[in-house]
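Next come the chains, spelled out residue by residue.
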Amino acid sequence: MSNYQAEINKRRTFAIISHPDAGKTTLTEKFLLYGGAINLAGSVKGKATARHAVSDWMEIEKERGISVTSSVLQFEYDGFCINILDTPGHQDFSEDTYRTLMAADSAVMVIDGSKGVEAQTRKLFKVCVMRHIPIFTFINKMDRDANDTFDLLDEIEKELGIATCPINWPIGSGKRFKGIYERDTRSVVTFSDTEKGTKEGEETRISITEEEQLNKVIGEDFLDQLDQEIALLDGASAEYDIEQIRRGELTPVFFGSALTNFGVEIFLHHFLKMTTTPLPRQADIGMIYPLEKEFSAFVFKIQANMNKAHRDRIAFIRITSGKFEAGMEVKHVQGNRVMRLSQPQQIMASERKILDEAYAGDIIGVFDPGIFSIGDTICMPNDSFLFAGIPTFAPEHFARVRQMDTMKRKQFIKGISQIAQEGAIQIFQEYNTGMEEIIVGVVGVLQFEVLKYRLENEYNVEIRMEKLPYEYIRWIENKEEVDLDKLIGTSDMKKIKDLKGNPLLLFINQWSIGMTLDRNKELRFSEFGR
Ligand code: G4P
C-alpha cells in the first residue's frame, strides 16, 4: 500500500452532536487527552467563549478574525488520524451546524443520562439520517442520577427511530454508580473518579464469572440486578450488526462519565474499530472514492472575517479524494478557473496552522477571495465534475428586512446577497411581488444580529427588521405537479419563493403543515432545499 493510501485509510472524520450541556466539550477534551494533543483537559475552548453573549461574540470574532466556534480538531491516537468536527450549539446554532455534518463520515451523539433525547440532538440527528452515516451514542453523566437504562434506549428508538445496540451497560448511577458491564468481554469495569482529567490510573476489570469478587465490589443487589438486565438485554436487544451500523440503521450505545473520564477510552477504542474510513461522495459523473489518486474536495462552510481590516473569508473544504499539497494547481469548477488554494490551514481549536499536505478525509480552511459558495467543487485542472451539492436546511426564524435609507438600495442588495452566498442567512421574496420585500430566514437567532452588524459595518447600510411569526418552512418536492395558486392552505400559511424562483411555504405551527397536506393530497413537502 502506498503511503498516501495508508494515510487515507487511517483517517476517521466525525462530528459530535448533542444538546447544549450534555457534555460534548468535556468528551472532546478527554479524546484529545488520549491523543496526547493536550496535556490536561480543559483547553479545548474556555467556557467564556463557549457561552458568550451576543456582544462578546462580536468582540471575539473581531479580535481573532475567525469564528471561535469553528473548530476542527485533528489528533493521532492508536494509529488513527482523527478529525473531530465541532457542531456549534447555544446561540451559535446556525445552518453551519447542520452543514458541518455534510463533511463528517459518522456522528457521535452525546446524551445526558438524566435528560434523554433533547431538542437540538433531534434536529441534528435528522441530518445524519438523511445522509445514512453511522451514529454512535454516548450516554453521559452516569455519575449523576440517570434515567432508567431501558427507558433511555426506548426513548432513542421511539423518538429518533433508530434501533439501539448497547455495547456496554451501566451498573447504577449517581452516587451509586458502580461501573459498566462490557458485553463482548463479559466483564465489569468498575467506576473510579480518581482519574479526573488525567489519563493515569488503570481501570479495574472483573470477569462476570468472578462472583465473589463482584459481590464485594459492586454489591449483591447490583449484581442480581445486573444478571437480570443482561438476560433481558441478550434476549430483547438488537443484535450487533456492523452493516446496519454502517448504514445508520443501528446505533451502538455506550455509557460513561466524561467529567470523571470514565468509559471514554473504552468508547474510543470500540468506536474507532466500528466507524468507517473516509466515505465516498456522490458527483454527477458517479461516486468519487477517497483512494482515487486525483485530488478533489467540496466547500461546506464559509467563514467571513469579522475584522474590518481583513475583509477576507475562509472556505472550509472537505477533501474527498487523493492528496492535497500546498501550492498545487486546482480547478474551481463553478468558477471555471484554475487556481492555487492559498494559505491552506488547519484550524486547531482557536489556533490556525499552515499545512503542507492533507489527505482525503481531512478538513482544511483556505483563503477565499470571495469566489466560493457552499457546495462548490474543487478538483484537478484536467478534471471537471460537480459534487451533489449541499442542501439548504430549514430556517426556523424569519424577518422582513428593509434598508432605512432608500438611496442605499444597491448596497443593501449587494450586502445581503453576499451574506446569503456565504450561507449565513437565506433570503426569500414575497411570492407575487418583486425584490422589494426581502424575507430573511435563519436557523439560529444570532444570525439576525450578525446580519445587522455586518450590513452596518461592512456595507454601511442600516436596516429595519420586523420579526415574522413563522417557525416552519417547507420546500415543495413535486413543484412541477402542484399549482400554487390553487393550493388550499391554512389562514396562517404564507407563500414565498427563493432566489431561484422555487416556491416555499411558511407556517406558524406543525398543525398547519398537517392540515395543508390533508387538504392537498398531491402535495409533497421537504425539510431540505436542493
Ligand atoms: P456541551 O459542550 O455539550 O455544552 O457541554 P460541556 O462539556 O460544556 O458540559 C456541560 C456541563 O456538564 C459542564 O458543567 C460539565 O463539567 C458538566 N459535565 C460534562 N460531563 C459530565 C459528566 O460526565 N458528569 C457530570 N457530573 N458533569 C458533566 P458546568 O458546571 O456547566 O461547567 P464547569 O464550570 O464545570 O466547567
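Residues numbered from 1 in each chain as written. Predicted model: local features only at pLDDT ≥ 70, side-chain atom pairs only at ≥ 80, totals over all residues. Heavy atoms only, no water.

1. So, the overall build of the chain
Turning to step 1, where the next piece is worked out: Helix and strand counts for the chain come out as 14 helices and 33 strands.
Turning to step 2, where the next piece is worked out: Each of the 530 residues in the chain was classed as buried or not, and the buried ones make up 56%.
Turning to step 3, where the next piece is worked out: Considering only contacts within the chain whose residues lie at least 6 apart along the sequence, 73% involve residues at least 24 apart.
Turning to step 4, where the next piece is worked out: When the accessible area of the chain is evaluated, it comes to approximately 22,700 Å², of which 47% is carbon and sulfur surface. (Helix = DSSP H or I, 4+ residues; strand = E, 2+ residues; numbered from the N terminus. Buried < 20%, exposed > 50% of the residue type's maximum accessible area, 1.4 Å probe, protein only. Contact = heavy atoms within 4.5 Å. Areas by Shrake-Rupley, 256 points an atom, 1.4 Å probe, with all protein chains shown as cover.)

2. Describing the sheet that holds strand 11 (residues 250–255)
Turning to step 1, where the next piece is worked out: The seven strands are arranged 2-3-1-4-5-11-6 in an open sheet whose pairing can be described as mixed. Every interior strand has two partners, whereas the edge strands, strand 2 (72–77) and strand 6 (163–166), have only one. The mean inter-strand angle of the sheet, taken between neighbouring strand axes irrespective of direction, is 30°.
Turning to step 2, where the next piece is worked out: Packing against the sheet, helix 7 (residues 149–160) makes contact with strand 4 (106–112), strand 5 (135–140), strand 6 and strand 11, and its axis sits at approximately 150° to strand 6. (Pairing = 2+ DSSP bridges. Axes fitted to C-alpha atoms, helices over the stretch in contact; angles between N-to-C directions.)

3. A look at helix 9 (residues 220–236)
Turning to step 1, where the next piece is worked out: Taking 1.5 Å as the rise per residue, helix 9 with 17 residues should run 24 Å; its terminal C-alpha atoms sit 24 Å apart, in good agreement.
Turning to step 2, where the next piece is worked out: Looking at helix 9, one finds that the buried residues are Phe222, Leu223, Leu226, Glu229, Ile230 and Leu233. Down the axis of helix 9, the sector holding all buried residues measures 125°, keeping them to one side. Residues Glu220, Asp221, Gln228, Ala231, Gly235 and Ala236 are exposed on helix 9 and point more than 90 degrees away from its buried face.
Turning to step 3, where the next piece is worked out: Along its buried surface, helix 9 packs onto helix 7, strand 6, strand 7 (168–171), strand 8 (179–182), strand 9 (187–190) and helix 8 (211–218). (Expected span 1.5 Å × (residues − 1). Arc of directions from axis to C-beta.)

4. Considerations on the pairing of strand 3 (residues 80–86)
Turning to step 1, where the next piece is worked out: Along strand 3, seven of the seven residues are buried, which leaves the element largely enclosed by surrounding structure.
Turning to step 2, where the next piece is worked out: The alternating pattern of strand 3 places Phe80, Ile82, Ile84 and Asp86 on one face and Cys81, Asn83 and Leu85 on the opposite face, and all of these are buried.
Turning to step 3, where the next piece is worked out: Relative to strand 3, strand 1 (residues 11–18) runs parallel, the two sharing six bridges. Looking across to strand 3, one finds that Ile16 is bridged to Asp86.
Turning to step 4, where the next piece is worked out: In this sheet, strand 3 lies alongside strand 2 in antiparallel orientation, the contact comprising six bridges. When the bridges of strand 3 are listed, Tyr77 appears paired with Phe80.

5. Thoughts on the layout of surface pockets
Turning to step 1, where the next piece is worked out: Roughly 890 Å³ of internal volume is contained in the largest pocket.
Turning to step 2, where the next piece is worked out: Lining of the largest pocket is provided by 34 residues; of these, Ile390, Thr392, Asp498, Lys500 and Arg530 occupy positions nearest its centre.
Turning to step 3, where the next piece is worked out: At the level of secondary structure, the elements contributing two or more residues to the lining of the largest pocket comprise helix 5 (95–103), helix 12 (409–421), strand 26 (426–430), strand 29 (472–476) and strand 33 (528–529).
Turning to step 4, where the next piece is worked out: Of the residues contributing to the lining of the largest pocket, the split by class is 14 nonpolar, 12 polar and eight charged. (1 Å grid on protein atoms, 1.4 Å probe; cavity = no way out; pocket = protein on both sides within 12 Å on 5 of 7 lines; lining within 4 Å. Points joined across faces, edges and corners; volume = space filled by probe spheres on them. Nonpolar A, V, L, I, M, F, W, Y, C, P; charged D, E, K, R; others polar.)

6. Comments concerning the sheet that holds strand 8
Turning to step 1, where the next piece is worked out: Strands sit in the order 7-8-9-10 across an open sheet of four strands; the sheet is antiparallel. Two strands close off the open sheet at either side, each with one partner strand: strand 7 and strand 10 (204–207). On average, each strand axis in the sheet is tilted by 25° relative to the strand beside it, whichever way the strands run.
Turning to step 2, where the next piece is worked out: As paired strands, strand 8 and strand 9 are joined by four bridges and run antiparallel to one another. Residue pairing for strand 9: Tyr181 is matched across the bridge by Val188.
Turning to step 3, where the next piece is worked out: The strands touched by helix 8 within the sheet are strand 7, strand 9 and strand 10, with strand 10 carrying the most contacts at an inclination of about 135°.

7. Comments concerning a negative patch on the surface
Turning to step 1, where the next piece is worked out: A surface patch of like charges, here negative, comprises Glu211, Glu212, Glu220, Asp221, Asp224 and Asp227.
Turning to step 2, where the next piece is worked out: Elements with a contribution of two residues or more to the negative patch: helix 8 and helix 9.
Turning to step 3, where the next piece is worked out: In terms of residues, the negative patch owes the most to one element, helix 9, which gives four residues. (Patch = residues over 30% accessible without salt bridge, like charges linked within 9 Å, V, L, I, M, F, W, Y side chains within 5 Å. Salt bridge = Lys/Arg side-chain N within 4 Å of Asp/Glu carboxyl O. Lys, Arg positive; Asp, Glu negative; His and termini not counted. Charge placed at Lys NZ, Arg CZ, Asp CG, Glu CD.)

8. Some words on the packing of helix 8 against helix 9
Working note: a packed helix pair is described by the angle between its axes plus the distance between those axes.
Turning to step 1, where the next piece is worked out: As a packed pair, helix 8 and helix 9 sit with axes 7 Å apart at the nearest point and diverge in direction by 115°. In this structure, helix 8 contributes Glu211, Leu214, Asn215 and Ile218 to the contact, and helix 9 contributes Glu220, Phe222 and Leu223.
Turning to step 2, where the next piece is worked out: Of the residues belonging to the contact of helix 8 with helix 9, the class tally is four nonpolar, one polar and two charged.

9. Side note on the packing of aromatic side chains
Turning to step 1, where the next piece is worked out: Overall, the coordinates contain 21 aromatic pairs when judged by the stated rule.
Turning to step 2, where the next piece is worked out: Ring centres 5.6 Å apart and planes at 90° place the aromatic pair Phe393 and Phe528 in the edge-to-face group. In this pair, Phe393 is assigned in strand 24 (residues 392–393) and Phe528 in strand 33, connecting sequence segments 135 residues apart. For the pair shown, Phe393 and Phe528 are each scored as buried.
Turning to step 3, where the next piece is worked out: Pairwise contacts between aromatic rings join Phe14, Phe31, Phe136, Phe138, Phe254, Phe267 and Phe271 into one cluster.
Turning to step 4, where the next piece is worked out: Its guanidinium or amino end placed over the ring of Phe316, Lys301 lies 5.5 Å from that ring's centre, counting from NZ or CZ. (Phe/Tyr/Trp six-rings, centres within 6.5 Å; stacked < 30°, edge-to-face > 60°. Lys NZ or Arg CZ within 6 Å of the ring centre and 35° of its normal.)

10. Here we look at the nonpolar core
Turning to step 1, where the next piece is worked out: One finds Phe295, Phe324, Leu341 and Phe372 to be the most contacted residues of the largest nonpolar core, which totals 87 residues.
Turning to step 2, where the next piece is worked out: With residues up to four places along the chain from it excluded, the contact list for Phe295 reads Ile319, Ser321, Gly322, Lys323, Phe324, Met328, Val330, Ile378, Cys379 and Met380. (Core = buried A, V, L, I, M, F, W, Y, C linked by side-chain atoms within 4.5 Å.)

11. A look at the confidence of the model for the chain
Turning to step 1, where the next piece is worked out: In this model, the chain carries an average pLDDT of 87, and 87% of its residues clear a pLDDT of 70 or more.
Turning to step 2, where the next piece is worked out: In the model, residues 39–70 has pLDDT below 50 throughout and makes 69 contacts with residues more than four positions away in sequence or in other chains. (pLDDT = per-residue confidence, 0-100.)

12. Section: the packing of helix 2 (residues 24–35) against helix 11 (residues 264–274)
Turning to step 1, where the next piece is worked out: One way to put it is that helix 2 packs onto helix 11 with a least axis distance of 10 Å and a crossing angle of 75°. Judged by the angle between their axes, helix 2 and helix 11 are roughly perpendicular. For the pair helix 2 and helix 11, the contacting residues are Leu27, Lys30, Phe31 and Tyr34 in the first and Val264, Glu265, Phe267 and Leu268 in the second. (Parallel < 35°, antiparallel > 145°, perpendicular 65-115°, else oblique.)

13. Notes on unusual backbone geometry
Turning to step 1, where the next piece is worked out: Here Asp21, not a glycine, exhibits a phi torsion of approximately 85°, which is positive.
Turning to step 2, where the next piece is worked out: With respect to the helices, strands and loops of the structure, Asp21 is situated in the loop between strand 1 and helix 2.
Turning to step 3, where the next piece is worked out: Among the residues examined, Asp21 registers a relative accessible area of 46% and is labelled partly exposed.
Turning to step 4, where the next piece is worked out: At Lys141, a residue that is not glycine, the phi angle is positive and equals roughly 65°.
Turning to step 5, where the next piece is worked out: Among the secondary structure elements, Lys141 is positioned in the loop between strand 5 and helix 7.

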